[in-house]
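Take a look at the letters that make up each chain.
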Amino acid sequence: MTPVMRLHPLCATSVLAFVVFLSSSSVAFEGQLPVPAQDAILDEFDRHPIVAIGEMHRNIEEHEFLRKLITNPRFPEKATNIVVEFGNARYQPMMDRYLAGEEVSAADLSQAWRYTTQFMVWDAPVYAKFFSTVRDLNLRLPKARRLRVLLADPPIDWAKVKTKADYEPYAARDPDSVDVIVPEVLAKGQRALLIFGGAHLEHTDPLKPACDKQGLPSITQILDERFPGQTFVVWPIAGTGPAAKVAETWRPETVLSVHDTAVGRASFAQLTPGSVTILKVVDGKRVPYPVKVGDYAKVEDVVDALLYLGPVSTESVPPLSTYRDVKYVEDLRFWAQIMKEVYGVDFSSDLDEVLDKLKADKP
C-alpha cells in the first residue's frame, strides 16, 4: 500500500533510503508508569481542548481502540467533535446528515473517503466502520450530546482537476486541516479528538536537529504557534517491531505521558521504522548524510504520550469488490497520473496490483 503523501519540504523529505532500524535499546521508566489508556486520554480533555492521536493507517487494532474510546460513556462529556484526516471537507454537509441519522446511500457516502487528495488509502473497511460507529452512537444519544465528525482533508473537487496545477493548491494539507479545527472547534470554545497520521501531529519534526532548512509546519506546530499549550499528542505503538521494544513490558491499551521520563528524554529514533539517509549541506554541497540516533529530537519534544495497543498489528484490506466499480477505477487511473506529476511516485502500481487480483478472482 502506498503511504499517505504529505507535501512537506523539510529535509526529511530528501530521504534516500530506509534500510534497517537504528540501533537503540529500550529505556527504563522513571517515576511514571503506563496507565489505562481510555481514562487517561479522556482526562486530558480537562487540560487540553485538542487531544490528537496518531493513526497508523488501516491498522485494525488501533481502530478497535478508537471505537472503544468514542463509545466510552465519558467521551460525549469530554469532546464535542472528532476531526479526521480520512474525509474530504467538501462532503461535510452530507456527513452531517448521515451522522444525524438521515438516510444516505452507500455510493454517495463513500465519496467522502474515496474522493480525497489521497490514493486508495481510505478504501479499507475500518473507515466506513468508523463513521457508522459514530452514527449508531449518535442515535442513542440526546441531540444536545451528539458528536460531530469534521472532515479535514482539503475540499478538492476532482471533477475540476485536469492538470498538475489544478491539484497543487490541495497538496499542502495541514493548513487546510487547521482551517477546519480553528473555526469549528477552538473558536466555538469546544473540544475535539484529532485522528491523523502521526507526521501531521508532531510538535516538532523529529529530524529537525539534522535539517538544513525548515519547511511547512504540521497541524500541531501551527496550533502550537497560535494556541500555545492547547494540543496534547498521543503516538501509537503496536506489534512486535523494533519500535515496540519501548513498550514491550506494558499491558495492551495503556498510555504513558513521556514528559519527565527516561523515555521522553530518549531519541525519537527509537520510534522510527528504519535508518534514514537525507541530503544535507556539507561544505557548501548537498551530499547523502546518514542520520544518527543523536540527530533526532527527543521524544518529549515531538509528542506528549505513547499509546501501546498490544503485540498484534494487522492491516484492514479493502475488499476486491471495491474495484469492480468501473467509474471509480477510471477516476483512480486519472488521479494516479496527476499525482505522479506532483509527487514523483507511480501510484498506478497499487491499482494494477489489486486489479490483477480481481482478474484472478472472477465471480
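The rules behind the values
- Residues numbered from 1 in each chain as written.
- Predicted model: local features only at pLDDT ≥ 70, side-chain atom pairs only at ≥ 80, totals over all residues.
- Heavy atoms only, no water.
- Buried < 20%, exposed > 50% of the residue type's maximum accessible area, 1.4 Å probe, protein only.
- Helix = DSSP H or I, 4+ residues; strand = E, 2+ residues; numbered from the N terminus.
- Contact = heavy atoms within 4.5 Å.
- Pairing = 2+ DSSP bridges.
- Arc of directions from axis to C-beta.
- Axes fitted to C-alpha atoms, helices over the stretch in contact; angles between N-to-C directions.
- Phe/Tyr/Trp six-rings, centres within 6.5 Å; stacked < 30°, edge-to-face > 60°.
- Lys NZ or Arg CZ within 6 Å of the ring centre and 35° of its normal.
- 1 Å grid on protein atoms, 1.4 Å probe; cavity = no way out; pocket = protein on both sides within 12 Å on 5 of 7 lines; lining within 4 Å.
- Points joined across faces, edges and corners; volume = space filled by probe spheres on them.
- Core = buried A, V, L, I, M, F, W, Y, C linked by side-chain atoms within 4.5 Å.
- Polar contact = N/O pair within 3.5 Å; in protein donor to acceptor, adjacent residues only side chain to side chain.

All right, on to helix α9 (residues 219–226) then. Three or more residues of α9 are buried, namely Ile 219, Thr 220, Gln 221, Ile 222 and Leu 223. Turning to α9, the residues buried within the fold contact α8 (173–184), β6 (192–196) and β7 (231–237).

Before going further, it helps to spend a moment on the pairing of β7. Burial of β7 is extensive: 7 of the 7 residues sit out of reach of the surface. Burial of β7 is two-sided: the residues Thr 231, Val 233, Trp 235 and Ile 237 facing one way and the residues Phe 232, Val 234 and Pro 236 facing the other way are all buried. Bridging between strand β3 (residues 50–54) and β7 involves 4 bridges; their strand directions are parallel. From the neighbouring strand, Ile 53 faces β7, where its bridge partner is Val 234. Alignment of β7 against strand β11 (residues 305–308), held across 4 bridges, turns out to be parallel. By the bridge assignment, Val 234 is partnered in β11 with Ala 305.

An α-helical segment advances 3.6 residues per turn. Residues three or four places apart therefore align on the same side. Of the residues making up helix α4 (residues 92–99), those classed as buried are Gln 92, Met 94, Met 95, Tyr 98 and Leu 99. Down the axis of α4, the smallest arc covering the buried residues is 160 degrees, so these residues share one side. Buried residues along α4 sit in contact with β4 (81–88), α5 (106–114), α6 (125–140) and β5 (148–153). Gly 101, located one to two residues past α4, shows a positive phi value of around 105 degrees.

Next up on the list: the side chain of Lys 78. Within the secondary structure layout, Lys 78 lies in helix α3 (residues 75–78). For Lys 78, the contacting residues outside a window of four places in its chain are Leu 42, Phe 45, Asp 46 and Arg 191.

The sheet built from 8 strands is open, its strands ordered β2-β8-β11-β7-β3-β6-β4-β5 with mixed pairing. Looking at which strands have only one partner, the edges of the open sheet turn out to be β2 (35–36) and β5. Bridge count for β2 against strand β8 (residues 254–257) is 2 bridges, and the pairing is antiparallel. Within the sheet, the bridge partner assigned to Val 35 lies in β8 and is Val 255. This element, α4, spans β4 and β5 of the sheet and lies at about 155 degrees to β5.

Both faces of the sheet carry side chains from a regular strand, because those side chains alternate between them. Alignment of β8 against β11, held across 4 bridges, turns out to be antiparallel. Looking at the pairing, Leu 256 lines up with Leu 306 of β11.

With that settled, the discussion passes to the packing of aromatic side chains. To describe a pair of aromatic rings, you give the distance between the ring centres and the angle between the ring planes. In this structure the tally under the stated criterion is 19 aromatic pairs. Relative to Phe 130, the ring of Phe 86 lies with its centre 5.3 Å away and its plane at 85 degrees, an arrangement referred to as edge-to-face. One end of the pair, Phe 86, is in strand β4; the other, Phe 130, is in helix α6, and 44 residues separate them in sequence. With respect to class, Phe 86 is no different from Phe 130; both count as buried. For the ring pair Tyr 323 and Tyr 328, a centre distance of 6.2 Å and an interplane angle of 15 degrees mean the geometry is stacked. The residues Tyr 323 and Tyr 328 share a single accessibility class, namely buried. Its guanidinium or amino end placed over the ring of Tyr 328, Arg 114 lies 4.2 Å from that ring's centre, counting from NZ or CZ.

Attention now goes to the layout of surface pockets. Each pocket or cavity is described by its volume, and for the second largest pocket that value is around 370 Å³. Every residue lining the second largest pocket is counted, 22 residues in all, and those nearest its centre are Ala 106, Ala 107, Ser 110, Trp 113 and Arg 114. Counting only elements with at least two residues in the lining of the second largest pocket, the list comes to α5, α6 and α12 (326–343). When residues in the lining of the second largest pocket are grouped by element, the largest group, 7 residues, is from α5.

A word on the nonpolar core. Membership of the largest hydrophobic core comes to 70 residues, with the highest contact counts inside it found for Phe 75, Ile 82, Phe 130, Phe 131, Tyr 167, Leu 193 and Tyr 323. For this core, the element with the highest residue contribution is α12, accounting for 9 residues. In contact with Tyr 323, not counting residues within four places along its chain, are Met 120, Asp 123, Pro 318, Tyr 328, Val 329, Leu 332, Leu 351, Val 354, Leu 355 and Leu 358. Counting 44 residues, the second-largest nonpolar core is a separate cluster that includes Leu 186, Trp 250, Val 291 and Val 303.

This part takes up the environment of Glu 300. Turning to its location among the elements, Glu 300 is positioned in helix α11 (residues 299–302). Counting along the chain gives 96 residues from Glu 300 to Thr 204, while the straight-line C-alpha distance between them is 9.8 Å. The contact partners of Glu 300, leaving out residues within four places of it in the chain, are Val 258, His 259, Asp 260, Gly 264 and Arg 265. At a separation of 3.5 Å, a polar atom in the side chain of Glu 300 contacts the main-chain amide nitrogen of Asp 260.

Turning our attention to unusual backbone geometry. In this structure, Met 120 takes a positive phi of about 70 degrees despite not being glycine. Looking at the element boundaries, Met 120 is found in the loop between α5 and α6. Classification of Met 120 as buried rests on a relative accessible area of 7%.

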